[in-house]
Amino acid sequence: MIKELYFSAVPQKLSCARRLYEQYGTDLLALPGMGDKLHHLEALSQALQGQMACMTMFSLCRACAEKAGGGCCSAYMANETDALLLLLNMLLGVEVTSQRNDSFECCYLGPQGCTLRVKPIFCLNYNCHHILTGNEAAVLKNLETAASAVLVMQTAVEKILLEHILSR
Ligand code: SF4
Ligand code: SF4
């Protein structure tokens, strides 16, 4: 199970997440406190999006993606997703589907950017020179704080999901 969740190929991890959602989705959503945790995670994720928006990161990343060599959302990075993270996105109401079938970009990259509400840890590392050189230290600190808060919460919820699934 652990191998399939974390170490299978990208399409297999998506199939695994769909199967787990069908099998356990209702039970997971009914776990004590799960609704509040998901709402909190949603709010933290929106706060991070807001911080990124006020730093014009979306247009920065789009400009990168349009250059030769592309931006950070490469097909290689799609390997950083795992079935548990995809399941968590489904529980947050995201319709998780492959957006493309090429070997260049991450399959979760849609026309408006990343389609996942919560993302792999490496996708939250906003330390490229475009971002570091274009913002004051206090603004970068706000970004780091917002990203860390999402990461801590999503890790905590993923732990609960994993414990539930492995106990069945
Ligand atoms: S995070 Fe930085 S390097 Fe990556 S796509 Fe955005 S601007 Fe470009
Ligand atoms: S941010 Fe989203 S689209 Fe980009 S590599 Fe990560 S998961 Fe894929």
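Note that the coordinates shown come from a computational prediction; the quantities given were computed from them, not determined experimentally.

Caption draft 1: Molecular detail of the overall build of the protein chain. Broken down by element type, the protein chain carries eight helices and two strands. Reading the protein chain from its N terminus to its C terminus gives the helix and strand order α-α-α-α-α-α-β-β-α-α. Taken over C-alpha atoms, the radius of gyration comes to 16 Å for the protein chain, in line with the 15 Å a tight globule of 168 residues would show. Counting only C-alpha atoms and orienting by the principal axes, one finds that the protein chain spans roughly 50 × 35 × 25 Å. Classification of the 168 residues of the protein chain by burial places 39% in the buried group.

Caption draft 2: Summary view of the site of ligand 2. All residues adjacent to ligand 2 are Cys73, Met77, Cys106, Tyr108, Leu109, Cys114, Leu116, Lys119, Pro120 and Cys123. Judged by the fraction of its atoms near the pocket grid, ligand 2 is located in the largest pocket. Split into classes, the residues belonging to the shell around ligand 2 amount to nine nonpolar, no polar and one charged.

Caption draft 3: The site of ligand 1, seen in detail. The environment of ligand 1 is made up of Leu60, Cys61, Cys64, Gly71, Cys72, Cys128, His130 and Ile131. In this structure the site holding ligand 1 corresponds to the largest pocket. Every element with two or more residues in the shell around ligand 1 is listed here: helix H4 (57-66) and helix H7 (129-133). When residues of the shell around ligand 1 are assigned to their parent elements, the largest contribution, three residues, is made by H4. When grouped by side-chain class, the residues that make up the shell around ligand 1 number six nonpolar, two polar and no charged.

Caption draft 4: Just the side chain of Ser45, in detail. As for its position among the elements, Ser45 is in helix H3 (residues 34-54). With sequence-adjacent residues up to four places away left out, Ser45 is seen in contact with Arg117 and Val150.

Caption draft 5: Structural context of the layout of surface pockets. By volume, the largest pocket amounts to about 1,000 Å³. Taken together, 40 residues make up the lining of the largest pocket; nearest its centre are Cys61, Cys73, Leu109, Gly113 and Cys114. Counting residues per element, the ones that place at least two in the lining of the largest pocket are H3, H4, helix H5 (75-78), strand E1 (109-110), strand E2 (113-114) and H7. At six residues, the largest contribution of residues to the lining of the largest pocket is made by H4. Classifying every residue of the lining of the largest pocket by side-chain character gives 22 nonpolar, 12 polar and six charged. Its boundaries defined by the atoms lining it, the second largest pocket holds a volume of some 250 Å³. Every residue lining the second largest pocket is listed: Ile121, Leu124, Asn125, Tyr126, Asn127, Leu132, Leu140, Leu143, Glu144, Ala147, Ser148 and Leu151. Ranked by residue count, the leading element in the lining of the second largest pocket is helix H8 (residues 137-166), at six residues. In the lining of the second largest pocket, the residues fall into eight nonpolar, three polar and one charged.

What counts as what
Residues numbered from 1 in each chain as written. Chains lettered and ligands numbered in written order. Predicted model: local features only at pLDDT ≥ 70, side-chain atom pairs only at ≥ 80, totals over all residues. Heavy atoms only, no water. Helix = DSSP H or I, 4+ residues; strand = E, 2+ residues; numbered from the N terminus. Rg over C-alpha atoms; globule rule 2.2 N^0.38 Å. Buried < 20%, exposed > 50% of the residue type's maximum accessible area, 1.4 Å probe, protein only. Near = heavy atom within 4 Å. 1 Å grid on protein atoms, 1.4 Å probe; cavity = no way out; pocket = protein on both sides within 12 Å on 5 of 7 lines; lining within 4 Å. Sits in = over half its atoms within 2 Å of the grid points. Nonpolar A, V, L, I, M, F, W, Y, C, P; charged D, E, K, R; others polar. Contact = heavy atoms within 4.5 Å. Points joined across faces, edges and corners; volume = space filled by probe spheres on them.

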